[in-house]
Amino acid sequence: MITRTGRRSLLIGGGAMASALAAPALRAQPSRNVRIGVLSDMSGPYSANTGQGSVVGAKLAAEDFMRARPGLRVEVIQADFQNKPDVGLSMARDWLDRQGVDAILDVPVSSVALAIGGLVAEKDKVALFTGPATAALTGANCGPNHVHWTYDTWSLAAGTGRALVADGADTWFFITADYAFGHALEGDTAGFVKEAGGRVLGTARTPFPGTTDFSSFLVQAQASRAKVIGLANAGTDTVNCVKQAAEFGVARRGTRLAGLLFQIADVHSLGLQAAQGLALTEAFYWDMNEGTRAFSSRFAPQMGGQKPGMIHAGGYSAVMHYLKARDALGDNASGRAAVGWMKANGTEDPLFGRGTVRADGRKVHDMYLFRVKTPEESKGPWDYYATTRTIPADQAFRPMQGAGCAMVPS
C-alpha cells in the first residue's frame, strides 16, 4: 500500500512564473480539484535524476498555475515504487481506484511505464511519462491516455550515437541494463551505429536492479577491442561503470565511453575530473537561458543546492500543459479528452519554449548534444556543460510513420 512506502500529500500554493502561462487556455467551467501522483524512485539508482526533484518540478508548476488560475486547486502526492514492476503497478492502481489521482507523473522504469500506459487507458485517467526512456511508449505501445515527455531512447541514440560514429568511433560494445529500457536504448543506438557504417562487436547484459560491480563486464568490453563502450544504463549504474572504467584505465587505452543516458546529477556525482570530455544528449540544461536559470533558482533551494536535470524540468513542463487542459475542459473532462486537448494545443513554457504533442503522444522539442567541461573550463559548481550541437525538434525524435503506433495513419 502507498502508506507503507512513505507517501505524503503536498497541497501546493505559492509563487508564479507568468511566462509559463503565455499561451491562453480556452476557458470552460474550471476544474476545482486536480490530484497528481508522482510515482518515482525516491531512494534507488535513479533517485538523483528523478525522485524528489520530480516532485519539486510538479510542485513549482502547480504553484505557478494556481497563482494565475486561483479557481484551480492542485494537490501533488508521491510514492517510491522501489523500481519494482509489481509494486509500481499496484500503487498506480490504488491511486486511480481509491485515492482519486487524475494523472500519474514520472515513472522512471520503462517496464512499469508500459504497464501503466495500459492501466490509464483502462481507467480513463492520464499518464505524463517524463522519466521512462523506451520509445515503445509512442510506438507499438502508444495509447490515447498517455504522453511521453522529455526524451526517449531514439532521441538519445540519435544524438550521441551519430556524433561518435561521425567522429570515427565506429566499433561498439554495449553494457546494458537487462530490462526493457536497457534493451531499447541498446537497440536504438546499435541501429544508428550500423546505419552510419559502424559495427557492434558484443553486448553484456547486467541484472537490474542490484548490479554494483561492473568489472567483469568491462573486461569483456575491453577484450572486444571496441573503440566505444556504450553504457545502456542510467543513474548510479552509469556512474559506477564510469568510475570502475577509470580504475581499469579504459580511457588511457584509447577506448571511449558513451553514457547513453547520462545526466547532470551523474556528472556531479562523478566530478569533472572523471567525467570531462564525455559526450551526452539531453533535452535541458539549467544554464541555457533566462527562463531555465529562473526555474533553477527556485528549484535548487528545495533540493539542497542541486540544479535540475531534464526529467525534473520535464515534470514542470508536462504538469503545466496538463493543467491547461484541465482548466480548459472543466470538472467532467475524461483522461482521454485531456490528452486530446494536449495534442490539439501547442505547448509553451519557460523551460522548453514552444513545442507540440504529436498524435502518437510524443512531446517534441529540440534536443542538445553536450560535452562535459574540463575542471579548468568550469566556472563553478554545476557549470558542467558546453553545447556541441542543437538537434532541431523535427530531427530529434523518431518519425511517427512506420513506428507501429495504431493511432497514426499509415
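Definitions and cut-offs
Residues numbered from 1 in each chain as written. Predicted model: local features only at pLDDT ≥ 70, side-chain atom pairs only at ≥ 80, totals over all residues. Heavy atoms only, no water. Phe/Tyr/Trp six-rings, centres within 6.5 Å; stacked < 30°, edge-to-face > 60°. Helix = DSSP H or I, 4+ residues; strand = E, 2+ residues; numbered from the N terminus. Buried < 20%, exposed > 50% of the residue type's maximum accessible area, 1.4 Å probe, protein only. Lys NZ or Arg CZ within 6 Å of the ring centre and 35° of its normal. Core = buried A, V, L, I, M, F, W, Y, C linked by side-chain atoms within 4.5 Å. Contact = heavy atoms within 4.5 Å. Expected span 1.5 Å × (residues − 1). Disulfide = S-S within 2.5 Å. 1 Å grid on protein atoms, 1.4 Å probe; cavity = no way out; pocket = protein on both sides within 12 Å on 5 of 7 lines; lining within 4 Å. Points joined across faces, edges and corners; volume = space filled by probe spheres on them. Nonpolar A, V, L, I, M, F, W, Y, C, P; charged D, E, K, R; others polar. Axes fitted to C-alpha atoms, helices over the stretch in contact; angles between N-to-C directions. Left-handed = near helix turned anticlockwise from the far one by under 90°. Pairing = 2+ DSSP bridges.

**Student:** Got a sec to walk through the packing of aromatic side chains? Specific residues and values, please.
**Tutor:** Inspection of the entire model under this criterion finds 15 aromatic pairs. Their ring planes at 65 degrees and their centres at 5.3 Å tell us that Phe295 and Tyr316 sit as a pair that is edge-to-face. One end of the pair, Phe295, is in helix α10 (residues 290-299); the other, Tyr316, is in helix α11 (residues 310-329), with 21 residues separating them in the sequence. Residue Tyr316 is classed as buried on the basis of its relative accessible area of 0%. In this arrangement the basic side chain of Lys307 is found over the ring face of Trp286, its NZ or CZ atom lying 4.4 Å from the centre.

**Student:** Hey, could you go over the nonpolar core for me, with residue numbers and the actual values?
**Tutor:** Formed by 123 residues in total, the largest nonpolar core has its most connected members in Leu39, Ile116, Leu128 and Tyr322. Top element by residues in this core is α11. It accounts for 11 residues. Each residue touching Leu39, except ones within four places of it in the same chain, is listed here: Ala79, Phe81, Gly88, Met91, Ala92, Trp95, Ile104, Leu105, Asp106, Val107, Pro108 and Ile116. By size, the runner-up hydrophobic cluster in this structure holds five residues, among which are Ala135, Trp154, Ala157 and Ala158.

**Student:** So what about the environment of Ala265? Which residues, and what values?
**Tutor:** For Ala265, the position within the fold is in helix α8 (residues 264-270). Between the C-alpha atom of Ala265 and that of Gly235, which follows or precedes it by 30 residues, the distance is 8.3 Å. Not counting residues within four places of it along the chain, the set of residues in contact with Ala265 comprises Ala48, Asn49, Gln306 and Trp382.

**Student:** An account of α11 is requested, with residue identities and associated values reported.
**Tutor:** Compared with the 28 Å implied by 1.5 Å per residue over 20 residues, the 28 Å span of α11 between its first and last C-alpha is a close match. Among the 20 residues of α11, 19 are classified as buried, and the element is accordingly described as predominantly covered. Of the residues one or two after α11, Gly330 is the one with positive phi, at around 90 degrees.

**Student:** Describe in detail the state of the cysteines, supporting the description with residues and values.
**Tutor:** As enumerated under the stated definition, the model contains one disulfide in all. Bridging Cys142 to Cys405, the disulfide has an S-S length of 2.2 Å. Classification of the bridge connecting Cys142 and Cys405 rests on its S-S torsion, roughly 90 degrees, and on that basis the disulfide is right-handed. Remark: Cys405 occurs in the segment after α13 (393-396) and Cys142 occurs in the loop between β5 (126-129) and β6 (146-148); sequence separation between them is 263 residues. Of the two residues examined, Cys142 and Cys405, each falls in the buried class.

**Student:** Before we move on, can you summarise empty space enclosed by the protein with the specific residues and values?
**Tutor:** Enumeration over the complete set of coordinates arrives at three cavities of 30 Å³ or more. Within this model, the largest cavity holds a volume of roughly 110 Å³. Tallied by class, the residues present in the lining of the largest cavity amount to 11 nonpolar, six polar and no charged. Each pocket or cavity is described by its volume, and for the second largest cavity that value is around 40 Å³. Contributing to the lining of the second largest cavity are Thr138, Asp152, Arg358, Asp360, Arg362, Phe397, Arg398, Pro399 and Ala403. Looking at the lining of the second largest cavity, its residues break down into three nonpolar, one polar and five charged.

**Student:** Help me get a handle on the packing of helix α1 (residues 51-68) against α11, residues and values and all.
**Tutor:** Put simply, α1 and α11 touch, their axes get as near as 8 Å, and they point 35 degrees apart. Note on packing geometry: the crossing formed by α1 with α11 is right-handed. Taken together, the residues of α11 that come into contact with α1 (itself represented by Gly53, Ser54, Gly57, Ala58, Leu60, Ala61, Ala62, Asp64 and Phe65) are Ile311, His312, Gly315, Tyr316, Val319, Met320, Leu323, Lys324 and Asp327. Residues belonging to the contact of α1 with α11 are distributed by class as follows: 10 nonpolar, five polar and three charged.

**Student:** I'd like a description of the sheet that holds strand β14 (residues 363-364), backed by residues and values.
**Tutor:** Taken in spatial order, the three strands of this open sheet run β12-β13-β14, and their pairing is antiparallel. Whereas interior strands pair on both sides, the edge strands pair on one side only; in this sheet they are β12 (347-349) and β14. Pairing analysis gives three bridges linking β12 to strand β13 (residues 353-357), with the strands arranged antiparallel. Looking at the pairing, Glu348 lines up with Arg354 of β13.

**Student:** So what about the sheet that holds strand β16 (residues 385-391)? Which residues, and what values?
**Tutor:** Backbone hydrogen bonds are what pair the strands of a sheet, in a parallel or an antiparallel way. Overall, antiparallel pairing links the three strands, which are arranged β11-β15-β16 in an open sheet. The sheet is open, and its two borders are formed by β11 (279-282) and β16, each paired with just one other strand. Across the sheet, the mean angle separating the axes of adjacent strands is 30 degrees when strand polarity is ignored. Sheet topology note: the strand β15 (residues 367-372)/β16 ladder contains six bridges and is antiparallel. Paired with Met367 across the strands is Ile391, a residue of β16. Together, β11, β15 and β16 form the strand contacts of helix α4 (residues 153-166), whose direction differs from that of β11 by roughly 155 degrees.

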